[in-house]
Amino acid sequence: MISWFRRLAWLLDRRRFEAELGEEIRIHEEMAAEQARHEGMAPDEAGFAARRRVGNRAQLAEAARDVWRPPALGDLGQDLRYALRGLRRQPGYAAAAAITLMLAIGATTALFSVLDALLLRPLPYRQADRMVQVWEHKRTSDNRENLVSPANFLDWHDRARSFEHLAAYTWSSLPLAGNTPAVVYGRMVTGNFYSVMGARPALGRGFLPGDTLVGAPRALIVSHALWSTRFGGDSAVIGKPIPLREGSAQIVGVMPEGFRPLGSEEYWEPWPMQSDLRTRRGRYAMVVGRLRTGAAAEDADRELKGIAAALEQEHPKFNAEWGTRVVPLGEQVTGGARPVLLLLAGAIASVLLIACLNVANLRLGQVLARRTELAVRTALGASRTRIIRQMLAEGLVLAAIGGALGIIAAIAGVRALVAAQVTLIPRLEEVTVSLRVLVFALGLTALIGLAFGLAPALALREDALRQPLSRRGGETGSAPRARRLRGALVSVQVALSLMLLAGASLSVRSLGKLLAVDPGFEPGGVLTVELELPEEAYAGPGRKIAFYETLVERVRGIPGITDIGLVNFLPLRGFTPGTGFQVVGRPEPAAGQAPSTQLIVADPGYHQAMGTPILQGRGLTPADQLGTPRVILVNQAFARRAFPGADPIGQRVKVAYAEPDSILSIVGVVADMRRDGLDVEPAPMVVYPFRQYPFGYMTLVVRSSRDPEALAPAIRAEIAALDRSLPVLGVETLESRIHATTADRRYPMLLLSLLASLALVLSAVGLYGVLAYLVGQRAREIGIRKALGASRGAIARLVLGEGFRFVLLGVVVGLLAALFTTRYLGALLYGLAPNDPVTLGAGALILLAVAALAAWIPARRALRVDPAVTLREDG
Amino acid sequence: MAARRVALRAELLPGTLDLLILKTLSVQPMHGYGIAQHIGRLSAEALRVEEGSLYPALQRLRLKGWVKAEWKLSPTRRRARYYALTPAGRRQLAQEVSAFDRLVTAVRRVVRPA
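Residues numbered from 1 in each chain as written. Chains lettered and ligands numbered in written order. Predicted model: local features only at pLDDT ≥ 70, side-chain atom pairs only at ≥ 80, totals over all residues.

1. Some thoughts on the overall build of chain B
Part 1 of the argument: Along chain B, the regular secondary structure elements total five helices and three strands.
Part 2 of the argument: Its helices and strands taken in sequence order, chain B reads α-α-β-α-α-β-β-α from the N to the C terminus.
Part 3 of the argument: Split into buried and exposed, the 114 residues of chain B put 25% on the buried side.
Part 4 of the argument: Look at the contacts in chain B between residues 6 or more apart in sequence, and 50% of them connect residues 24 or more apart. (Helix = DSSP H or I, 4+ residues; strand = E, 2+ residues; numbered from the N terminus. Buried ≥ 20, exposed ≤ 12 C-beta atoms within 10 Å, placed from the backbone. Contact = placed C-beta atoms within 7 Å.)

This is how it looks when you write it as structure tokens:
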């Protein structure tokens, strides 16, 4: 043990040791020469004699060095040199192995970076593990994450003991005036919001109680991004009034860079908790909390559920069937992406495994081909351990090259991923190749290196090393053990590839099916333009109607426009208001049991512009205006739900909306639209006429025969002509909206497809390698068979049969495994069962076809074997 | 002179070089040249220690912790690396001496049966 410390000391201070030894030997020589002179020798003869006596100094130093050098390390340098030389001699093999490893290590490392950032690294808040999100949810509904009623929040806040802080926030917008009017979106937050988040402004101050007093200037804390883009990063802006379209606001603080915990908010303002918030009216707040020390999320969940039960008793009309759910914030943030990420991690791990098997297979073949060389070295006295060490060195060198390239590829890959801004992945901007990731990659590389070194070494039993010398090389074919091992590797690869292929095909077909879903409108050629009229300048219904109807008439005049309409909430925008309704003449439903419907406001042109037909009754007309009977359209889902088997036209309903006691007559049934996602069945919906319910926030829907994007400037000009200070909130085509809603599926699908293709190619290469080797080994046997009159078919069967035994085994195993694993695709699939037989069968066929292609080249070579040549070769 | 040395030089029994060095150093600390001279003199030039074996052997003994090395000035005011026995080296010497005695006795019994 102690001697190891001394060896270590030697290793660390080798230079000094060697210098001392050299000095010592020089002195020895001097002493010897002196002695010789004393004995009467001539000085130069004495020096010569002394040198001769000491002999070769370098040899002596080397012998002394050997004493110190740790035994295994001594030959390591030599092993590595041999390994490098060996790889240089076979550049094709070395390149194939290194590139395979690069792809595998690169892909794995890149994905590990994502997993590390999303699942392993804590959220960037102080004691983030104590932060929770609180939802309400109606027990009769599938939606487990409903917004919260501020009134309920206030009661939780007063009664709950599990929280250090419980804060609420809701949405808010800020119409900035100035040279470029713009609307930015932020949040209205309760005063303790920053205590929950554990953050404070980087500049300026937090909110004070005085900020919410009546008459106080509107106080804002802005995001670092808004501060730098809109206000030039000037700290002088703090405390000064900034002009809004009406009045002004005051920036009191700037949050640190990157602090945007709620997503895309640009600012925060205090939410005055006035007493009228205690009136139970709607659910529109988000609630976050920081747990008290010692309280677990489960405790808080239990406590709030108790409070919610009490509130259910106290306010049955509003709270019947409503419960609460406390979710740790970390889980909330990664929640949706977690299964997909884990799925992709599995897929990447499979590709890594396939790649490793491939390289192991390559190496096995290469080692088998070198059996004669290894046998000669064994015969010349190389020990088995020495040969194993040599293999290990070769494996490590290969892995190191592949690993280095892989890490470079991973860094590039992560950059590309971050640049792609996939919305599915939360916190993507935090993904980097961190030190931890590098350690992971290096560990992976070392493991692979060890495996590659040891596997072939172990496959070569001792007799395998002697055999080649005792018989003529190659004559007996390769060691059957090694051949079976290679075949088994191919089977495993095929099985893994088939699993990936099945997963990829399922997701591709799902996306295809999803895109083939009829959304209930014609997205082609439609541009949408979002506007919001400021309440102050456009107070009352008349001004709003006048503005929008004038705008519609002016835009209609732009050449190329065929249809134009107005709606408040477009489909697939992620938000549609909803409420309960009641059919007039039927008994009032029990509390919490009222059926619910979505509701939108539209003008007479809307459905025509969307390409959605009116199926029964009539559409909206300009005559449906203030002062005439209240009318609505309903969609098919509404008609089915409320009037199964009956004619909805002429029926009357009450909707718990703006005027809950108004009686609304149904005048038409409009076709269903998919509002909440292409994969979500349409919910009941009612359409209010714009003239009866004028809204300040409306979206212009413009259908044209031209490229819709090209219309944007002309439409903007018309808007500016009516109101120069009115900002345009958003311009996009319906097609890009549909594209955006499928992004979350498209990305995993793309990745899975890439991985499956990679797996397929790698497996094909593996199979090719095994068969090519086989044909090379059995060339002589094939020659003899041919000479004895074997048909071409028999030869092809011989070669292909050998390979396809392993492929078929892999396909069977792969299909069984796919049946088991594709279940985890779950949420990614649409309109397909995870065990869809067509997809799985097609996957198996594709794999067999690729395998046939890979086998074809070696088989052809076998057919070309010329018996005259092979038989003469060893003659 | 060289010829005479070669003729008289006895093959060292394996392991005896360590014993000779340890024994030499038990008298007093000595540098490498001194050790070689001492062994030569005491054996009446019958045992000639090769420098090529001596220095690796010294390193080996250092590694095992039986001797320690130190640069000192010789009586002739020449700087040299002096080797000295450690307590562990002393114990090792006692063991090796008795093992050598047993070996020699055994060899003698075989060579000259009583």
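2. Overview of the overall build of chain A
Part 1 of the argument: If you tally the helices and strands in chain A, you get 28 helices and 21 strands.
Part 2 of the argument: Relative to its 875 residues, chain A shows a buried fraction of 37%.
Part 3 of the argument: Residue pairs at least 24 apart in sequence account for 82% of intrachain contacts in chain A once pairs closer than 6 positions are excluded.

3. As for the interface of chain A and chain B
Part 1 of the argument: Listed as interface residues are 20 residues of chain A and, on the opposing side, 14 residues of chain B.
Part 2 of the argument: Listing elements by their share of the side of chain A that touches chain B, those giving two or more residues are helix 1 (2-12), helix 2 (14-38), helix 3 (43-54) and helix 4 (57-68) of chain A.
Part 3 of the argument: With eight residues, helix 2 of chain A is the largest single contributor of residues to the side of chain A that touches chain B.
Part 4 of the argument: Of the residues that constitute the side of chain A that touches chain B, the class distribution is twelve nonpolar, four polar and four charged. (Nonpolar A, V, L, I, M, F, W, Y, C, P; charged D, E, K, R; others polar.)

4. Some thoughts on the sheet that holds strand 2 (residues 67-73) of chain B
Residue and element names in this part refer to chain B.
Part 1 of the argument: Strand order in this open sheet of three strands is 1-3-2, and the pairing throughout is antiparallel. Edge positions in the sheet fall to strand 1 (30-31) and strand 2, since each of these pairs with one other strand and no more.
Part 2 of the argument: Strand direction decides the pairing type here: strand 2 and strand 3 (residues 79-85), joined by seven bridges, are antiparallel. In the strand pairing of strand 3, Glu70 is matched with Tyr82. (Pairing = 2+ DSSP bridges.)

5. Comments concerning the environment of A:Trp271
Part 1 of the argument: Checked against the element boundaries, A:Trp271 lands in the loop between strand 8 (267-270) and strand 9 (286-291).
Part 2 of the argument: As a C-alpha pair, A:Trp271 and A:Val189 span 82 residues in sequence and 5.0 Å in three-dimensional space.

6. Topic: helix 4 of chain A
Residue and element names in this part refer to chain A.
Part 1 of the argument: With twelve residues, helix 4 should reach 16 Å at 1.5 Å per residue; the first-to-last C-alpha distance of 17 Å fits that figure.
Part 2 of the argument: Inspection of helix 4 places Leu60, Ala64 and Trp68 among the buried residues, and these make up the whole buried set. The arc that holds the buried residues of helix 4, viewed along the axis, is 90°, so those residues lie on one side. Residues Ala58, Gln59 and Glu62 are exposed on helix 4 and point more than 90 degrees away from its buried face. (Expected span 1.5 Å × (residues − 1). Arc of directions from axis to C-beta.)

7. Section: the packing of helix 19 (residues 540-556) of chain A against helix 22 (residues 708-722) of chain A
Residues and elements named next belong to chain A.
Part 1 of the argument: Between helix 19 and helix 22, the shortest axis-to-axis distance is 10 Å and the interhelical angle comes to 140°. In terms of orientation, helix 19 lies oblique with respect to helix 22. In the crossing of helix 19 with helix 22, the sense of the turn from one axis to the other is right-handed. Note on element contacts: helix 22 touches helix 19 through Ile715, Glu718, Ile719 and Leu722, opposite Phe547, Thr550, Leu551, Arg554 and Val555.
Part 2 of the argument: Here the contact of helix 19 with helix 22 is composed, by residue class, of six nonpolar, one polar and two charged. (Axes fitted to C-alpha atoms, helices over the stretch in contact; angles between N-to-C directions. Parallel < 35°, antiparallel > 145°, perpendicular 65-115°, else oblique. Left-handed = near helix turned anticlockwise from the far one by under 90°.)

8. As for the confidence of the model for chain B
Residue and element names in this part refer to chain B.
Part 1 of the argument: Scored by pLDDT, chain B has a mean of 80; 85% of the residues are at 70 or more.
Part 2 of the argument: Mean pLDDT in chain B bottoms out at helix 1 (residues 2-8), which sits at 38, and peaks at strand 3, which reaches 91.
Part 3 of the argument: For this predicted complex, the interface score ipTM comes out at 0.83, alongside a pTM of 0.62. (pLDDT = per-residue confidence, 0-100.)

9. Regarding the nonpolar core
Residue and element names in this part refer to chain A.
Part 1 of the argument: Core analysis: the biggest nonpolar cluster contains 101 residues, and Leu101, Val351, Ala355, Leu498, Leu755 and Ala759 have the highest contact counts within it.
Part 2 of the argument: Where this core is concerned, the elements lending two or more residues are helix 6 (91-120), helix 13 (338-369), helix 15 (384-420), helix 16 (435-459), helix 18 (480-516), helix 24 (743-777), helix 26 (792-821) and helix 27 (837-864).
Part 3 of the argument: The biggest single contributor to this core is helix 13, with 17 residues.
Part 4 of the argument: Residues lining this core come from more than one domain, with at least three contributed by each of domain 2 (78-106 + 339-470) and domain 4 (477-519 + 742-875).
Part 5 of the argument: Residues contacting Ala759, with those up to four places away along its chain left out, are Ser350, Val351, Ile354, Leu496, Ser497 and Leu500. (Core = buried A, V, L, I, M, F, W, Y, C linked by C-beta atoms within 7 Å. Domains from an automatic or database assignment.)

10. Description of unusual backbone geometry
Residues and elements named next belong to chain A.
Part 1 of the argument: Although it is not a glycine, Glu321 adopts a positive phi angle of roughly 70°.
Part 2 of the argument: With a phi angle near 60°, Leu572 is a residue other than glycine that sits in the positive phi range.
Part 3 of the argument: Residue placement: Leu572 occurs in the loop between strand 12 (561-567) and strand 13 (578-583).

11. What about the pairing of strand 1 (residues 131-138) of chain A?
Where a strand is regular, its side chains alternate between the two sheet faces.
Residue and element names in this part refer to chain A.
Part 1 of the argument: Alignment of strand 1 against strand 9, held across four bridges, turns out to be antiparallel. Residue Gln133 lies in a different strand from strand 9, and its bridge partner there is Val288.
Part 2 of the argument: Pairing analysis gives seven bridges linking strand 1 to strand 10 (residues 322-328), with the strands arranged antiparallel. Its bridge partner lying in strand 10, Trp135 is registered against Arg325.

12. Digging into the environment of A:Leu244
Residue and element names in this part refer to chain A.
Part 1 of the argument: Note on placement: Leu244 falls in the loop between strand 6 (241-243) and strand 7 (248-254).
Part 2 of the argument: Overall, the presence of 17 C-beta atoms within 10 Å leaves Leu244 in the partly exposed class.
Part 3 of the argument: Each C-alpha atom of the pair Leu244 and Gly178 lies 7.8 Å from the other, and the pair is 66 residues apart in sequence.
Part 4 of the argument: Setting aside anything within four residues of it in sequence, one finds Leu244 in contact with Leu174, Pro175, Leu176, Ala177 and Ala249.

13. Section: the environment of A:Pro150
Part 1 of the argument: Note that A:Pro150 resides in helix 7 (residues 150-159).
Part 2 of the argument: Other than its neighbours up to four places away in sequence, A:Pro150 contacts A:Ala168, A:Leu277 and A:Ala285.

14. Observations concerning helix 22 of chain A
Three or four residues apart is the spacing at which side chains of an α-helix point the same way, because the helix has 3.6 residues per turn.
Residues and elements named next belong to chain A.
Part 1 of the argument: Between its terminal C-alpha atoms helix 22 stretches 22 Å, which fits the 21 Å expected from 15 residues at 1.5 Å a residue.
Part 2 of the argument: Taken as a whole, helix 22 carries its principal kink of about 25° at Ala714.
Part 3 of the argument: Among the structural elements, strand 11 (526-532), helix 19, strand 20 (697-704) and strand 21 (728-733) are those in contact with the buried residues of helix 22. (Bend = angle between axes of the 7 residues up to and from the residue.)

15. What about the packing of helix 2 (residues 16-27) of chain B against helix 5 (residues 87-111) of chain B?
If you want to describe how two helices pack, look at the angle between their axes and the distance between the axes.
All names here are of chain B.
Part 1 of the argument: In contact at an axis separation of 10 Å, helix 2 and helix 5 are set at 125° when each is read in the N-to-C sense. Of the possible angle classes, the one that applies to helix 2 and helix 5 is oblique. The way helix 2 lies across helix 5 gives a crossing that is left-handed. Facing helix 2, whose interface residues are Thr16, Asp18, Leu19, Leu22, Lys23 and Ser26, helix 5 presents Gly89, Arg90, Gln92, Leu93, Glu96 and Phe100.

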